[in-house]
Amino acid sequence: MTPDRSSRPAGDLISPAENTWCPGCGNFSIEHMMKSAVAELSEEEGIPIENFVLLGGIGCHGKLVDYLNVNSFYGIHGRSVPAATGIRLGNPDLKVICHVGDGDIYAEGLDHLIFAAKRNSDITVVVHDNRVYGLTTGQYTPTSPAGFKGRSTPGGITEHPLNPLEVMLAAGATHIARGYTKKIRHLKNLFKEAIMHRGFSFVDVLQICATYFNLTDYYNEHAYEMKVGEVDAGRFESALGKIREWDYDREAPIPLGTFYSVEKPIYEEKFQALMAGGPERRPLVRKVIEEWR
Amino acid sequence: MAEYSVLIGGKAGEGINTAGLSIAGLFSRLGYRTYMYFDYPSLIRGGHNFAIIRAADRAIGAHRTPVDVLLAFDQNSIDNHRESIHDGTTVVHDASAVVRGEGYGLPLDDIVKEEKAPPITKNSAMLGALARVAGIGREVLEDVLRGSVPAKHLEANLRVAGRGYDAVEGVFTVEPVDAPALPVLTGNEVAGLGLVHGGLESYVAYPMTPTSSILHFLANRAEDLSIGVIHPENEISVILMALGLGYAGKKTAVGTSGGGFCLMTEGLSLAGMSEIPVTIVMGQRPGPSTGIPTYTAQGDLHFVLNAGQGEFPRLVVAPGDLEETYVWSAAALMLSWKYQVPAIVLTDKTLGEGAYSFDLGAITPLPDRQPVLWDGAGEYRRYARTEDGVSPLAFPGRAGATIKASSYAHDEVGFTTEEPTETREVQEKMLRKEESLKAELATYPTVKTYGARDAGTTIVCWGSQKWVCIEAAERLGARVVHPLVLSPFPTRAWKEAMIGAGKVACVENNATGQFARLLRQQGFDPGRSVLKYDGRPFAVDELEARLTEVFT
C-alpha cells in the first residue's frame, strides 16, 4: 500500500523551535541523522511520517524532540522507555523511538531500560552517551571513566563505568549497536536498521560534550567501524566478545556497528489481539456480572 | 429487620475468604443482602484470619460485633472473639484442632479422611453445619456449592458438606426473602467493571494490597472484557506506561495503594502538565510507609489531594459502596478524558476487599461523556488555548497532525517555552479546565444525604464509612451527609446539604481527622471528629456507642 504523503513532505522535518545546544555539540549530528533516517524510511519503506513518535527524557538530548516536526512525547528524567512501551502497546502501527541521555537512562531509568529489553518491547532506544551530565553542568554519569573529575566529584570517581551494551545483551535486548557522532552516515544507517528491527533495539551513540567532556580526539583515534564478518550478530557469545573489546574505561579500540540482532516474539503482540476491533464493552460487563448469579 | 451474622475463623491458607463468600452466597440464595468483612494479617500461612458475614432483608454495608453463629477452625477463632459471642450464639468448632471447644465439635480430620476428600473441603463441612443450624435446606446448600466449587471437586465437597449438615441440629430458621438472589462482589471487582463501563481499554498495575485484586480480576477477565492488562516492573513504570497508552489514545487506568502512589507522584505531575488523561484507583491502607499492609484506613486524603509538584487540577472521587464505585469509576474515567486531567478513585481496604451484594439493576449511571477530538481543520495544536481550557485531542498516526505532548511549560503547539506570558497562560489554561470541570460537576449528585432534614444531628463521613454511618444514624435519629467528589470540592452542594445540620460529628478511619481538615479549609465547620485508626473499620454497634457520647 502506498501511503498518502501529500500532507507531510518528508524533507521538511526541522521545526521552528529555537536551537539552544552549545556550538560543536554532538546532538546536532544525532538530530540530523535521525531526521534523515525518518525521512528516508518514510520514502523507502512507505511509513507515513505521522506514524513516527519520538520521546525525550530530561537533559540536553531531550531538546531534540522539540527540534523535529514529528510526533513527540517530551517526558521526564529516565522515564521515556515505559512511556514508549505504552505508546507502542496502544498503536502497533507506530514507530516509537526514545531519545535518552546516559545520565537519564543508565542512572534514573536503568530499571525501565533493562525491563524493556527483557520483554522485547518493539521500541528503539537511542542513547546520547556523552558520559557527563551537561544540562546540570558537568557531573559524572554511569558511563564516565574511572578517575573522571566532575563538579560533584572533584577528587575523581573511584567507581568504574557500566558497559551498557553488555548490560543490554544480558537483559535480553534483540538488537544492539553503537555509533559515533563524527561518523554520521554510519550513524544514520544504524538508526534506520534499529528502527526497522522488530523488537527492542538499542543504539548507544558516543557523543562528545563540547563544554564538559570533549573526547573528540580520543574517539577519533580509537573508534572504528566493524567490517562484515567481524562479529556474528546472530550469536550471543560472538556479540559478547566484541562488546567487551572496549569497556568504556581502559584504552582499547572502540568497535562501532551492530553487535547483535536476533528475532524473537515481541511483547505487544498478545495485548493488541485482546483490544482488537474496539468492541462495545458494556454488554461484556453485564455478561460478566450475570455469571456471578 | 431480619438479620444474621456469622463469623468464620481459622489460619491463613485454610480458605477463610472463600468460605466467607460461600456463606454470603448461602444467604444471597435466600434473597438476603449480604456484606462480608475479611480480616487477615500479612502472611501466607498460619496466623488468624476471620470473616464476618452479615445478611439482612435490606441493603447493608457494615458488620456488627455480636454474631449468631461462630465457625471456628482453631482455638484463636474462639478466644479472639469473646466479645462476639453472646447467649444466643451457636458455636461450631473443629474438634480436631480446638482444645477448649464450645458448642458443636466436628471431627473434621476424621470426616475428610473417611470421605477421602482434600483438607480444604473442611470449609464445606462448616458450611453444611451452618446451613443446618440456620434451618437452611440441604438443596440450597448443594446449590451454592455447585455454583462455587469446580466440577472436579464437587462430589467430595458435597459429601463433606453433608457430614457437617448431619452432625448438628437446627437452632433457628432463616426465612427466605422475596427478592432476587444478588451476586456478591468486592469493591475492587466492581471498580474494574465500572472502569470498563466508562470506556476502559487497558489497565496497568503493580501488585499492592488492597488493590491487587483489581489487577487479578481484570487480568483473569481480560478476554471476556476485551481489555489489555499489564503488570510492569514498578509503579513508576505503571503510570508512565499508562500515560504512553493515553497519548496513543487508549483509555487507561492504574491501581495502587499509598506506597505505590508515592512512586507515581512524578508521573501524576507529568499527567497534569502534559494533559494526558489517566485514572488511578488508590486503595488506602494504614501508613506511614508499610504500616499495617492488609488493614484499612482513610489516611491518604490530603496526600492524594496534594500529590505532585506544581499546581494542576485533578478529579478525586470517593465512592461509599458498590453502586457508587461502579458509577463513579466510570464517571472518573470519562471526565478524566473530557477534561484531560488525572482522576483518582479513592477507596480503601474496607471497600476494595469487602464483599457486598451488588444490584446492577438499581444503578443509574452518570451521564456518558466523550473526549473532545480534533476536527482536522487547519494546523493541529495539541495545547490550543480555548475558553474552557480543553484542547481538542488527536493521536499519533493521524495524518496531517503533529502531536507534541510535553512535560515542560509549552506553547500551543507543544514546543518548550520559558517566556513569562506563555508560562502564565499554561498555568491559567489548566486552572480554566478546573473551573469547567467544577461547573459540570455541579450537575452531578456530588453530595448525598440520608435521613430527615430536620433531624437536628448530622453525621458527616466519606468513602467506605457511608453504610456504617447510615445504620448508626437510623438508630440515633440523625442525618448522614456523604460527599462523592473531594476535588474540585463541591462547595455549593455541601453548603446546601448542611443547611440546618445542627450538631455535627465527622466519622473517619484516620488519626487526625483529614476530612474535617478539608472541610475547615473550605470554610465549613466539621463538628466533632469521631476517629478510628487501628486498621479496622467501625462495627455498627461500636460506632453507635461512640456517636452516642458525642451527641448526648
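Residues numbered from 1 in each chain as written. Chains lettered and ligands numbered in written order. Predicted model: local features only at pLDDT ≥ 70, side-chain atom pairs only at ≥ 80, totals over all residues. Heavy atoms only, no water.

A. Spatial organisation of the overall build of chain A. When helices and strands are counted, chain A shows 11 helices and 8 strands. Overall, the C-alpha framework of chain A stretches about 70 × 45 × 40 Å when taken along its three principal axes. Here chain A, with 293 residues, has 60% of them falling under the buried criterion. Pairs at least 24 residues apart make up 72% of the contacts formed inside chain A by residues separated by at least 6 positions. Working note: accessible area of chain A is about 11400 Å², and carbon and sulfur atoms make up 52% of it. (Helix = DSSP H or I, 4+ residues; strand = E, 2+ residues; numbered from the N terminus. Buried < 20%, exposed > 50% of the residue type's maximum accessible area, 1.4 Å probe, protein only. Contact = heavy atoms within 4.5 Å. Areas by Shrake-Rupley, 256 points an atom, 1.4 Å probe, with all protein chains shown as cover.)

B. Region of the structure containing the packing of aromatic side chains. Following the criterion strictly, the structure yields 24 aromatic pairs over all chains and no others. Between F148(A) and F213(A), the ring centres sit 4.8 Å apart and the planes meet at 70 degrees, which makes this aromatic pair edge-to-face. Placement of the pair is F148(A) in the loop between β4 (124–129) and α6 (164–171) and F213(A) in the loop between β6 (201–206) and α8 (216–222), with a sequence separation of 65 residues. Judged by relative accessible area, which is 8%, F148(A) ranks as buried. A relative accessible area of 14% places F213(A) in the buried class. A centroid spacing of 5.6 Å and a plane angle of 80 degrees characterise the contact between W494(B) and F515(B), whose relative ring orientation is edge-to-face. With a gap of 21 residues between them, W494(B) in helix α17 (residues 491–497) and F515(B) in helix α18 (residues 514–521) connect regions that are remote in the sequence. For W494(B), a relative accessible area of 0% gives the class buried. What makes F515(B) buried here is its relative accessible area of 0%. (Phe/Tyr/Trp six-rings, centres within 6.5 Å; stacked < 30°, edge-to-face > 60°.)

C. Region of the structure containing the interface of chain A and chain B. Listed by partner, the interface residues are 50 residues for chain A and 60 residues for chain B. Across the chain A/chain B interface, buried area totals approximately 4600 Å², and carbon plus sulfur atoms make up 62% of it. Put simply, chain A and chain B have 4 salt bridges between them. Here R119(A) ties to E233(B) by a salt bridge, and the two come within 2.7 Å at their closest N and O atoms. Linking chain A to chain B there are 23 residue pairs in polar contact (both at pLDDT 80 or more). Residue assignment for the side of chain A that touches chain B shows that the elements contributing at least two residues are α2 (64–67), β2 (71–74), α3 (80–90), α5 (110–118), α10 (269–275) and α11 (282–290) of chain A. Counting residues per element, the side of chain A that touches chain B draws most heavily on α3(A), which supplies 7 residues. Grouping the constituent residues of the side of chain A that touches chain B by class yields 26 nonpolar, 13 polar and 11 charged. Sheet topology places β2(A) next to strand β15 (residues 404–406) of chain B; 3 bridges connect them, and they run parallel. By the bridge assignment for β15(B), F73(A) is matched with A405(B). (Buried area = accessible area lost by both parts, 1.4 Å probe. Salt bridge = Lys/Arg side-chain N within 4 Å of Asp/Glu carboxyl O. Polar contact = N/O pair within 3.5 Å; in protein donor to acceptor, adjacent residues only side chain to side chain. Nonpolar A, V, L, I, M, F, W, Y, C, P; charged D, E, K, R; others polar. Pairing = 2+ DSSP bridges.)

D. Just the packing of α3(A) against helix α10 (residues 235–247) of chain B, in detail. Closest axis-to-axis distance for the α3(A)/α10(B) pair is 6 Å, and the angle between their directions is 40 degrees. Considering their axes alone, α3(A) and α10(B) lie oblique with respect to each other. Viewed along their axes, α3(A) and α10(B) form a crossing whose handedness is right-handed. Where α3(A) abuts α10(B), its residues P82(A), A83(A), T85(A), G86(A), I87(A), L89(A) and G90(A) lie against S237(B), L240(B), M241(B), G244(B), L245(B) and Y247(B). (Axes fitted to C-alpha atoms, helices over the stretch in contact; angles between N-to-C directions. Parallel < 35°, antiparallel > 145°, perpendicular 65-115°, else oblique. Left-handed = near helix turned anticlockwise from the far one by under 90°.)

E. Geometry of the pairing of strand β4 (residues 69–72) of chain B. All names here are of chain B. Neither face of β4 is open: one carries V69 and L71, the other L70 and A72, and all of them are buried. Across 4 bridges, the pairing between strand β1 (residues 3–12) and β4 is parallel. Paired with L7 across the strands is L70, a residue of β4. Both β4 and strand β5 (residues 90–94) contribute to a ladder of 4 bridges, which runs parallel. Within the sheet, the bridge partner assigned to L71 lies in β5 and is V92.

F. Representation of the environment of G103(A). Its location among the elements puts G103(A) in helix α4 (residues 102–108). Judged by its relative accessible area of 4%, G103(A) falls in the buried class.

G. Summary view of the side chain of E440(B). Residues and elements named next belong to chain B. With respect to the helices and strands, the residue E440 is situated in helix α15 (residues 420–441). By relative accessible area, which is 9% here, E440 ends up buried. Beyond its immediate stretch of four places on either side in the chain, E440 contacts L335, K338, Y339 and R369.

H. How the structure looks around the nonpolar core. Counting 115 residues, the largest nonpolar core has F73(A), V125(A), F200(A), F202(A), L486(B), W494(B) and F515(B) as its most contacted members. Considering every element that reaches this core, the biggest residue donor is α10(B), with 9 residues. Apart from the residues lying within four places of it in its own chain, the contact partners of V125(A) are V81(A), C98(A), V100(A), L113(A), F200(A), S201(A), F202(A) and V203(A). Counting 64 residues, the second-largest nonpolar core is a separate cluster that includes V288(A), A56(B), Y339(B) and F358(B). (Core = buried A, V, L, I, M, F, W, Y, C linked by side-chain atoms within 4.5 Å.)

I. Inspection of the pattern of salt bridges at higher detail. Summed over all chains, the structure comprises 48 salt bridges over all chains. Across the pair R244(A) and E166(A) runs a salt bridge, and its minimum N-O distance is 2.8 Å. With R244(A) in the loop between α9 (236–243) and β8 (254–261) and E166(A) in helix α6, this pair connects stretches of sequence that are 78 residues apart. Take R244(A): its relative accessible area is 45%, and that puts it in the partly exposed class. Judged by relative accessible area, which is 25%, E166(A) ranks as partly exposed. In this structure, E115(B) engages R159(B) in a salt bridge whose closest nitrogen and oxygen atoms are separated by 3.2 Å.

J. Examining the sheet that holds strand β11 (residues 278–284) of chain B more closely. All names here are of chain B. What the 7 strands build is an open sheet, ordered β9-β8-β10-β11-β13-β12-β19; its pairing is mixed. The open sheet has two edge strands with one neighbour each: β9 (228–230) and β19 (485–487). Sheet twist, expressed as the average angle between the axes of neighbouring strands with direction ignored, equals 20 degrees. As paired strands, strand β8 (residues 202–205) and strand β10 (residues 252–256) are joined by 4 bridges and run parallel to one another.

K. Highlighting the sheet that holds strand β17 (residues 457–461) of chain B. Residues and elements named next belong to chain B. Pairing is mixed across the open sheet formed by 5 strands, whose spatial order is β16-β18-β17-β20-β21. Because the sheet does not close on itself, it has two edges, and the strands there are β16 (447–450) and β21 (528–531). Along the sheet, successive strands turn relative to each other by an average axial angle of 25 degrees, direction set aside. For β16 and strand β18 (residues 479–483), the ladder comprises 4 bridges, and the chain directions are antiparallel. Within β18, the residue paired with T449 across the bridge is V481. Taken strand by strand, α18 contacts β17, β18, β20 (503–508) and β21, and its axis lies near 130 degrees from that of β20.

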